[in-house]
Amino acid sequence: MSTAEAIVGMGARAGSRTVMVSNRVALPGQTQTGGLAVALTAAIGEGSGLWLGWSGTLASDKRPPICKQSQGGLDYVLVDLPADDFEGYYHGYANRVLWPLFHYRIDLVDYHREQRDAYLRVNRVFAEALAQQLRGDDVIWVHDYHLIPLAQCLRDLGVGNRIGFFLHIPLPPPDVLNALPGHRALLGALEAYDLVGFQTRNDLQNFRHYQAQHVPITQPRCRSDAFPIGIDVDAIIRTAQANEARVAGHDLRASLSGRRLAIGVDRLDYSKGLPERFKAFERHLQSGEDAGHWTYLQIAPHSRTRVPEYQSLRRELEGLAGHINGRHARPDWTPIRYVNDSFPQSVLAGFYRAADMALITPLRDGMNLVAKEYLASQSPLDPGVLVLSRFAGAAEELPQALLVNPHDIDEVASAINTASSMPLAERQDRWHTMMDTLRGNDVGHWARRFLQTLRAPAAPPRTPTAPAEPAQKNTRQPQATLATTDGVPWQ
Ligand code: GDG
């Protein structure tokens, strides 16, 4: 049974639709370079259901703000967002407050109350658009930090459906969260969900500690657990096999002149630890051990290009790559190939298979799908080595990788040396164990487990706070100021 059939079948057995909500919707046929889009595309497959998110367009008088389209049995509802609030919602509060804070970077948080207000208003826009589409027994699954207050907005509109939330990024400990103005309201808003899911036990523990400090248990129906996200293992194995011999992978191999290939694939983001990784690779070159035997290909598609921290990271990496190559290159060899293009998944899978080592060293990462995709792309006869940050969520599931502290460039350099000399039998042992883990928790398993928990009778349907039948006819006005369930105001 495919992932899609499993999820759709489960919805059918339960007699209800699954409704996904995320900031962006991945329409079929689009190249996805974000982990959430890749995972949800794999999870939802071609089944029936509904997926609602931002259209990518700002609202104008020239077109209706909500557009519906159906493809492959799935309904997509695309919502235009208000021009006045988009900047504050997306580039502001979501990406310059929540993203850095949740990645333990309080130093990069740039908080403005008016942006937080824009974030709340946009969540209400999503809630109103969604409420119009809902059937009474839909099960709603909300994704990621852009939409934390969405359930609370929906409850305010009288929606009594089961609603789950999954956080794709890490959740830091209370001391970090406490630095955020209005943190009690934000984190308290999670109580409006029936189920809150995190990537790792560490994130879950941080949440429980935060709750113990701050949130009175007013909604005992809100459950929480760790649901480590998986990949579509079989699809990636097939793609990697099919692309091994194809032009891109073949050309890449041929271009190495017999040298070994190390690969990194990351959105260009400060959480991914790219400058530290470049420096660690240079430290390896300086170590003299095996130096000149590796070529390191770093694929880093640009992301969030309007956010200043991303612009300065880009300049820093260009400088570092130029500096390291200038110092160590030979007429026939460039140690670092730094590429900002994005590639189709099929080409990436061919690149992974051609690579003898993956360097995945984020400073913090919710999970890191690339680590899993790299493993699934390897040939069982000659699998490569995964060098993985201890601070990627994936490290909890994959202790057989060479785990490193990405801040310690000597340790990463020495892991590269270890990978260089790792015997085939050891590589195979480690790889087989990790593949068993990936197979045991692929993306279908992840989605089924979350949805089954959300639907489970442990959480009886809550009593709507307002007449909710049908949701779109509900005339209840959104509250002017959201308050958490224990009455903590947002401002
Ligand atoms: C967030 C969390 C969590 C990358 N470059 C290209 C490309 N990609 C694909 C990869 C992978 C995805 O994008 C990136 O996923 P990651 O998990 O590595 O990272 P984030 O984008 O930060 O994702 C993360 C994830 O959500 C899921 O919950 O694991 O921790 O931060 O699938 O293959 N895809 C294509 N061309 C590229 O050039 N087609």
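Note that the structure is predicted; figures quoted are calculated from it, not measured.

How should the overall build of the chain be read in this particular structure?
Check the secondary structure of the chain and you find 18 helices and 14 strands. In the chain, which comprises 491 residues, the share counted as buried stands at 59%. In the chain, 80% of the contacts between residues at least 6 apart in sequence involve partners at least 24 apart. Carbon together with sulfur atoms contributes 50% to the accessible area of the chain, which is approximately 19100 Å² in total.

It is not clear to me how helix α16 (residues 409-421) should be interpreted in this structure. Could you clarify?
Residue pairs three or four apart in sequence face the same way in an α-helix, which turns once every 3.6 residues. Taking 1.5 Å per residue as the helical rise, α16 with its 13 residues ought to reach 18 Å, and the 19 Å between its terminal C-alpha atoms agrees with that figure. Residues of α16 that are buried include every one of Ile409, Val412, Ala413, Ala415, Ile416, Asn417, Ala419 and Ser420, and no others.

Please explain the pairing of strand β12 (residues 357-360) as it appears in this structure.
For a regular strand, the rule is simple: side chains alternate between the two faces of the sheet. The side-chain alternation of β12 yields two buried faces, one formed by Met357 and Leu359 and the other by Ala358 and Ile360. Looking at chain direction, strand β9 (residues 260-265) and β12 are connected through two bridges and run parallel. Looking across to β12, one finds that Ile263 is bridged to Ala358. Direction of pairing for β12 relative to strand β13 (residues 385-389): parallel, over a ladder of four bridges. Considered in β13, the bridge of Ile360 is made with Leu388. Once you follow β12 into helix α14 (residues 369-376) and on to β13, the crossover reads as right-handed.

How should the sheet that holds strand β6 (residues 163-166) be read in this particular structure?
Note: strands within a sheet are paired through backbone hydrogen bonds, in either parallel or antiparallel orientation. Taken together, the eight strands give an open sheet; going across it, the order is β3-β4-β2-β1-β5-β6-β7-β8, and neighbouring strands pair in mixed fashion. Of all strands in the sheet, those bounded by a partner on one side alone are β3 (66-71) and β8 (223-226). Sheet twist, expressed as the mean angle between neighbouring strand axes with direction ignored, is 20°. The pairing of strand β1 (residues 18-24) with strand β5 (residues 139-143) spans four bridges and is classified as parallel. Residue Met20 lies in a different strand from β5, and its bridge partner there is Trp141. On the sheet, helix α4 (residues 113-133) packs against β1, β2 (49-58), β3, β4 (74-81) and β5 and is oriented at approximately 145° with respect to β4.

Looking at this model, I keep getting lost on the packing of aromatic side chains. Mind explaining?
Any two aromatic rings considered together are summarised by their centre-to-centre distance and by the angle between their planes. Counted by the stated rule, this structure contains 24 aromatic pairs. Ring geometry for Phe165 against Tyr193: centres 5.2 Å apart, planes inclined by 45°, an arrangement best described as tilted. Of the two residues, Phe165 is situated in strand β6 and Tyr193 in the loop between α7 (183-188) and β7 (195-198); the sequence distance between them amounts to 28 residues. A centroid spacing of 5.7 Å and a plane angle of 90° characterise the contact between Phe278 and Tyr296, whose relative ring orientation is edge-to-face.

It is not clear to me how the pattern of salt bridges should be interpreted in this structure. Could you clarify?
It is possible for side chains bearing opposite charge to pair when their charged atoms get close. If you walk through the whole model with that rule in mind, you get 21 salt bridges. In this structure, Arg96 and Asp110 form a salt bridge, with 3.3 Å as the shortest nitrogen-oxygen distance. Highlighted residues: Arg96 in helix α3 (residues 83-102) and Asp110 in the loop between α3 and α4, separated in sequence by 14 residues. Three or more residues joined by partner-sharing salt bridges are found here, namely Arg96, Asp110 and Glu309.

Where do I start with the sheet that holds β13 in this structure?
The parallel open sheet is built from six strands, whose spatial order is β11-β10-β9-β12-β13-β14. For this open sheet the edge positions go to β11 (336-339) and β14 (402-404), each flanked by a neighbour on one side alone. Averaged over all neighbouring strand pairs, the angle between strand axes comes to 20°, with direction disregarded. Note that β9 and strand β10 (residues 294-299) share six bridges and pair parallel. Counted as the bridge partner of Ala262 is Tyr296 from β10.

Can you walk me through the nonpolar core in this structure?
Across soluble globular proteins, nonpolar side chains have a tendency to be buried as a group. The biggest cluster of nonpolar side chains holds 91 residues, and the ones touching the most others in it are Leu98, Phe102, Phe126, Ile140 and Leu150. With ten residues, α3 is the single largest residue contributor to this core. Here this core spans two domains, since at least three of its residues come from each of domain 1 (3-230 + 443-455) and domain 2 (233-439). The contacts of Leu98, once residues within four sequence positions are left out, are Tyr93, Tyr119, Tyr145, Ile148, Leu180 and Leu186. Among the nonpolar cores identified, the runner-up in size contains 57 residues, and Ala26, Ile237, Tyr352 and Ala395 belong to it.

How should I be thinking about the side chain of Thr295 in this particular structure?
Considering the arrangement of structural elements, one finds Thr295 in strand β10. Beyond its immediate chain neighbours, meaning those up to four positions away, Thr295 contacts Leu256, Arg259, Arg260, Leu261, Ala262, Trp333, Thr334, Pro335 and Arg337.

Help me understand the pairing of β2 in this model?
Burial of β2 is extensive: seven of the ten residues sit out of reach of the surface. In this structure, β1 lies alongside β2, joined through four bridges in parallel fashion. Opposite Val19, over in β2, you have Leu50 as the bridge partner. Bridge analysis of β2 against β4 gives seven bridges, and the strand direction is parallel. Considered in β4, the bridge of Leu52 is made with Val77.

For this particular structure, what's the right way to read the confidence of the model for the chain?
Where the model shows low pLDDT, its predicted coordinates should not be examined in detail. In the predicted model, the chain carries a mean pLDDT of 87, and 84% of its residues have values of at least 70. Across residues 464-481 the pLDDT falls below 50, and counting only partners more than four positions away or on other chains, this stretch makes 30 contacts in the model. Across residues 483-487, confidence stays below pLDDT 50; counting only partners more than four residues off in sequence or on other chains, it has 17 contacts.

Got a minute to help me understand the side chain of His91 in this structure?
Take His91: it is sitting in helix α3. Setting aside residues up to four positions removed in sequence, His91 forms contacts with Phe86, Arg96, Arg306 and Val307.

Here is what the cut-offs are and how they apply
Residues numbered from 1 in each chain as written. Predicted model: local features only at pLDDT ≥ 70, side-chain atom pairs only at ≥ 80, totals over all residues. Heavy atoms only, no water. Helix = DSSP H or I, 4+ residues; strand = E, 2+ residues; numbered from the N terminus. Buried < 20%, exposed > 50% of the residue type's maximum accessible area, 1.4 Å probe, protein only. Contact = heavy atoms within 4.5 Å. Areas by Shrake-Rupley, 256 points an atom, 1.4 Å probe, with all protein chains shown as cover. Expected span 1.5 Å × (residues − 1). Pairing = 2+ DSSP bridges. Right-handed = clockwise from strand over helix to strand, strands pointing away. Axes fitted to C-alpha atoms, helices over the stretch in contact; angles between N-to-C directions. Phe/Tyr/Trp six-rings, centres within 6.5 Å; stacked < 30°, edge-to-face > 60°. Salt bridge = Lys/Arg side-chain N within 4 Å of Asp/Glu carboxyl O. Core = buried A, V, L, I, M, F, W, Y, C linked by side-chain atoms within 4.5 Å. Domains from an automatic or database assignment. pLDDT = per-residue confidence, 0-100.

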